[in-house]
Protein chains: 2
Amino acid sequence: MGQQKTAPENGTRESERRRTILRAAIDVFARKGYHGCRIADVAKEAGVAYGLVYHYFKNKDELLETVFETGWSGFIARARAVAESEGPLVEKVRRIADVAFEAYRVDPRAVKVLILEIARSPAGARINRQTAFVDVIRLSAQMFTHAKEAGELRPDVDPLLASALLFGSIEMGLTAFVVGLADARDAVMLERAKAQIADSFLHGVLLGGASAQAEPAKAEPVKPEPPKEEAPSDGAPLKREKAAPKARAPKRG
Amino acid sequence: MGQQKTAPENGTRESERRRTILRAAIDVFARKGYHGCRIADVAKEAGVAYGLVYHYFKNKDELLETVFETGWSGFIARARAVAESEGPLVEKVRRIADVAFEAYRVDPRAVKVLILEIARSPAGARINRQTAFVDVIRLSAQMFTHAKEAGELRPDVDPLLASALLFGSIEMGLTAFVVGLADARDAVMLERAKAQIADSFLHGVLLGGASAQAEPAKAEPVKPEPPKEEAPSDGAPLKREKAAPKARAPKRG
DNA sequence: TGGCTGGCTGATTCTTGAATCAACCAGCCG
DNA sequence: CGGCTGGTTGATTCAAGAATCAGCCAGCCA
């Protein structure tokens, strides 16, 4: 395929092979977990020889490290852009939720690995990882600090903690899908979850507060939600009630 | 120490030794992570011979499993009690946060292991674990469902998701301490964080909405909580700073 | 054509650490 | 005392799987 495969050039600088292996690693990690798989699995998934993995990556750990950097850097960049942009806090929070959910929509497996294997990787964990997670939280904490100074936040809210809570909500919301608590194949559901996360975070869940979608300050690009005549969402919640174009995506194991 | 060490009796039925090993396991897991330590480490920490660990536990996995059950069952029992009790949602949410933070205060290491190693253990994870986590969420989801029926919740809030968000907030709040983002040795800080988590979740972080402690539409019929004179949760950041008795102590109700 | 180069291969080697087990050491009972 | 029982020990065994390495092969240039 890549005609000019002569090493040196290649705009991407990242050989096709290398990318294949990385992709395979993400899939295998997502399926069996970092510790639960052997390099052999990755190689097989990628359809390459065992040794080739070592040609491109120093060792198993570097492989995970790379998966991390690849996925995380993209997310953090977008999140930072939002956090540092101008505009009302409400907007920013919504957009951050957007970024996270979009990432999930585009590549759920990668997000799963990020959430399950990396964000919470135990103490010893080399490099960034844990640090990285802390970084985003610090980053958005600044956003909250500014918002607070601008009088958008309740004065008794701690910026750092608020930041942690926002990401905690987002993460757990995503986890619900990752873990299968909610059906992730349903785009509408994702959209709804995203909206609720932002709303709950901003206005709380209690009745009587500022009504949630009160101000569509900025019209959402999509309006997948009808009048919100909430269905009797009993204990069997996040499972789309009535009919729905059951876009049956094949459950890839 | 029980003089009568003859096996059969012993009210606890759990030998002193066994408990020592379990404790050591918690500490070591918390320090180096499950995969990052060997049985030998646990044995050394406990001050017993390598083989003894296997005398009390079938294998390494059972050890983790036990750590899990031990810590988790206690938490889930308390959480369930709160969720199924009578009273306004506001109260329940606060008390659930209480339970979680109290657990942390009592045994931070154990909580760390629970959060880092078990709650998010990757896919394949045997038994409960992941399931257990899902269970609490389902459990509290019911609580939200009832609250919704009682008109305490905004109608557009999905119970299951709300539940996930609550625990997501709690977990991330705790994680902030676990990871060292915030100083966990300060009891006041913990108290403050706990309060903010409940408040933010209930009323949102925005200024202007229902003021934090504003009463929701439905007045609380019960006043089950004693004054609970808590630390003044002012706006001070997670880093304890000098006085800033910014008035407003969120004395609920 | 023949000699290079470098991506690629996979059997082989080496390490790590889980799990086993034969022996040891009380205290106890007959 | 001598034989039991059951907690305790730690060297030994063993399997898993990470990392290595001696080469293979395809394309390329002289």
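Everything quoted here is computed from the prediction, not taken from an experiment.

Trainee: Outline the overall build of chain A, listing residues and values.
Mentor: When its secondary structure is counted, chain A shows nine helices and zero strands. The buried share among the 253 residues of chain A stands at 48%. A fraction of 67% describes how many contacts in chain A between residues 6 or more apart in sequence connect residues 24 or more apart. A total accessible area of about 12400 Å² is found for chain A, and carbon and sulfur atoms account for 57% of it.

Trainee: Please provide a residue-by-residue account of the pattern of salt bridges, values included.
Mentor: Residue and element names in this part refer to chain A. For the structure shown, the criterion picks out 28 salt bridges over all chains. Measuring nitrogen to oxygen at the nearest pair gives 3.5 Å for the salt bridge that ties R80 to E84. Taken together, the positions of R80 and E84, both in helix α4 (residues 60–84) and four residues apart, correspond to about one turn of that helix. We note a salt bridge from R185 to D183, for which the minimum N-O separation is 3.2 Å. By relative accessible area, R185 is classed as partly exposed at 40%.

Trainee: Account for the protein's contact with DNA strand C, with residues named and values stated.
Mentor: Inspection of the region around DNA strand C gives 14 residues, with A49 and Y56 of chain A together with I39, Y50 and Y54 of chain B positioned closest. Of what DNA strand C places within 4 Å of the protein, 69% of the atoms are sugar or phosphate. Here a phosphate oxygen of DNA strand C sits 2.9 Å away from a polar atom, N or O, in the main chain of A49 of chain A. Interatomic distance of 3.1 Å between a backbone N/O atom of G51 of chain A and a base nitrogen of DNA strand C. Taken together, the elements giving at least two residues each to the surface near DNA strand C come down to α3 (50–56) of chain A together with α3 (50–56) of chain B. No other element matches α3 of chain A, which puts four residues into the surface near DNA strand C. Considering only residue class, the surface near DNA strand C consists of eight nonpolar, three polar and three charged.

Trainee: Residues and numbers for helix α8 (residues 159–178) of chain B, please.
Mentor: Residue and element names in this part refer to chain B. If you check α8, its first and last C-alpha atoms are 28 Å apart, about what 20 residues at 1.5 Å a residue would give, namely 28 Å. Most of α8 is tucked away, with 20 of its 20 residues classed as buried. Sitting at the head of α8, D158 places a side-chain oxygen 2.9 Å from the backbone nitrogen of L160. Trailing α8 by a residue or two, G180 shows a phi angle of about 90°, which is positive.

Trainee: I'd like a description of the packing of helix α9 (residues 187–203) of chain A against α8 of chain B, backed by residues and values.
Mentor: Close contact between α9 of chain A and α8 of chain B brings their axes to 11 Å; oriented N to C, the two are set at 55°. Regarding the angle of α9 of chain A to α8 of chain B, the classification is oblique. Crossing of α9 of chain A over α8 of chain B shows right-handed handedness. Contacts between α9 of chain A and α8 of chain B involve A193, Q196, I197 and S200 of chain A on the former and, on the latter, L161, A162 and L165 of chain B.

Trainee: How would you summarise the protein's contact with DNA strand D if you had to cite specific residues and measurements?
Mentor: The immediate surroundings of DNA strand D are formed by 14 residues, with I39, Y50 and Y54 of chain A together with A49 and Y56 of chain B found nearest. The sugar-phosphate portion of DNA strand D accounts for 70% of its atoms within 4 Å of the protein, the bases making up the rest. Within the side chain of Y50 of chain A, a nitrogen or oxygen atom sits 3.0 Å from a base nitrogen of DNA strand D. Here R17 of chain B contributes a side-chain N or O atom positioned 3.1 Å from a phosphate oxygen of DNA strand D. Secondary structure elements with two or more residues in the surface near DNA strand D: α3 of chain A together with α3 of chain B. Tallied by class, residues from the surface near DNA strand D come to eight nonpolar, three polar and three charged.

Trainee: Describe the packing of aromatic side chains, and please don't skip the residues or the numbers.
Mentor: Scanning the entire structure with this criterion turns up 14 aromatic pairs over all chains. Centre to centre, the rings of Y50 of chain B and Y54 of chain B are 5.9 Å apart; their planes meet at 25°, and the pair counts as stacked. Here Y50 of chain B pairs with Y54 of chain B, and both are found in helix α3, just four residues apart, close to one helical turn. Within the aromatic cluster, the residues linked to one another by ring pairs are F68, W72 and F75 of chain A. Against the face of Y34 of chain A rests K60 of chain A, its NZ or CZ located 4.6 Å from the ring centre.

Trainee: Can you tell me about the packing of α9 of chain A against helix α9 (residues 187–203) of chain B, naming the residues and giving the values?
Mentor: Two elements in contact, α9 of chain A and α9 of chain B, have axes separated by 5 Å at closest approach and are oriented at 115°. The handedness of the crossing between α9 of chain A and α9 of chain B is right-handed. Across from S200, F201, L202 and H203 of chain A in α9 of chain A, the residues of α9 of chain B making contact are S200, F201, L202 and H203 of chain B. Residues of the contact of α9 of chain A with α9 of chain B, tallied by class, amount to four nonpolar, four polar and no charged.

Trainee: I'd love a proper account of the UniProt feature "DNA-binding region" (unreviewed entry) in chain A, names of residues and values included.
Mentor: The sites that UniProt annotates as "DNA-binding region" (unreviewed entry) are residues 38–57 of chain A. End C-alpha to end C-alpha, residues 38–57 of chain A measures 14 Å, and it is 75% helix and 0% strand.

Trainee: Lay out the confidence of the model for chain A with the relevant residues and their values.
Mentor: For chain A, the average pLDDT comes to 78, and 72% of its residues sit at 70 or higher. Here residues 210–253 of chain A is modelled with pLDDT under 50, and outside its nearest four sequence neighbours on either side it reaches 49 contacts, counting other chains as well.

Trainee: Break down the nonpolar core for me, with residues and values.
Mentor: One finds L63 of chain A together with F29 of chain B to be the most contacted residues of the largest nonpolar core, which totals 156 residues. The residues touching L63 of chain A, leaving out its near neighbours within four places in the chain, are I21, L22, A25, F29, I39, V42, V53 and F57 of chain A.

Trainee: Explain the UniProt feature "domain: HTH tetR-type" (unreviewed entry) in chain A residue by residue, including any values.
Mentor: The UniProt record marks residues 15–75 of chain A with the feature "domain: HTH tetR-type" (unreviewed entry), using the residue numbering of this structure. Split by type, residues 15–75 of chain A is 79% helix and 0% strand. Its first and last C-alpha atoms lie 23 Å apart.

Trainee: A description of the environment of A100 of chain B should follow, citing residues and the corresponding values.
Mentor: All names here are of chain B. Within the secondary structure, A100 is located in helix α5 (residues 89–106). You can call A100 buried: its relative accessible area is 5%. Spatially, the C-alpha atoms of A100 and K194 are 8.8 Å apart, while their sequence positions differ by 94 residues. With residues near it in sequence (within four places) discarded, A100 still touches F75, I170 and L174.

Basis of the calculations
Residues numbered from 1 in each chain as written. Chains lettered and ligands numbered in written order. Predicted model: local features only at pLDDT ≥ 70, side-chain atom pairs only at ≥ 80, totals over all residues. Heavy atoms only, no water. Helix = DSSP H or I, 4+ residues; strand = E, 2+ residues; numbered from the N terminus. Buried < 20%, exposed > 50% of the residue type's maximum accessible area, 1.4 Å probe, protein only. Contact = heavy atoms within 4.5 Å. Areas by Shrake-Rupley, 256 points an atom, 1.4 Å probe, with all protein chains shown as cover. Salt bridge = Lys/Arg side-chain N within 4 Å of Asp/Glu carboxyl O. Near = heavy atom within 4 Å. Polar contact = N/O pair within 3.5 Å; in protein donor to acceptor, adjacent residues only side chain to side chain. Nonpolar A, V, L, I, M, F, W, Y, C, P; charged D, E, K, R; others polar. Expected span 1.5 Å × (residues − 1). Axes fitted to C-alpha atoms, helices over the stretch in contact; angles between N-to-C directions. Parallel < 35°, antiparallel > 145°, perpendicular 65-115°, else oblique. Left-handed = near helix turned anticlockwise from the far one by under 90°. Phe/Tyr/Trp six-rings, centres within 6.5 Å; stacked < 30°, edge-to-face > 60°. Lys NZ or Arg CZ within 6 Å of the ring centre and 35° of its normal. UniProt positions renumbered as here; feature names shortened; annotations may be inferred. pLDDT = per-residue confidence, 0-100. Core = buried A, V, L, I, M, F, W, Y, C linked by side-chain atoms within 4.5 Å.

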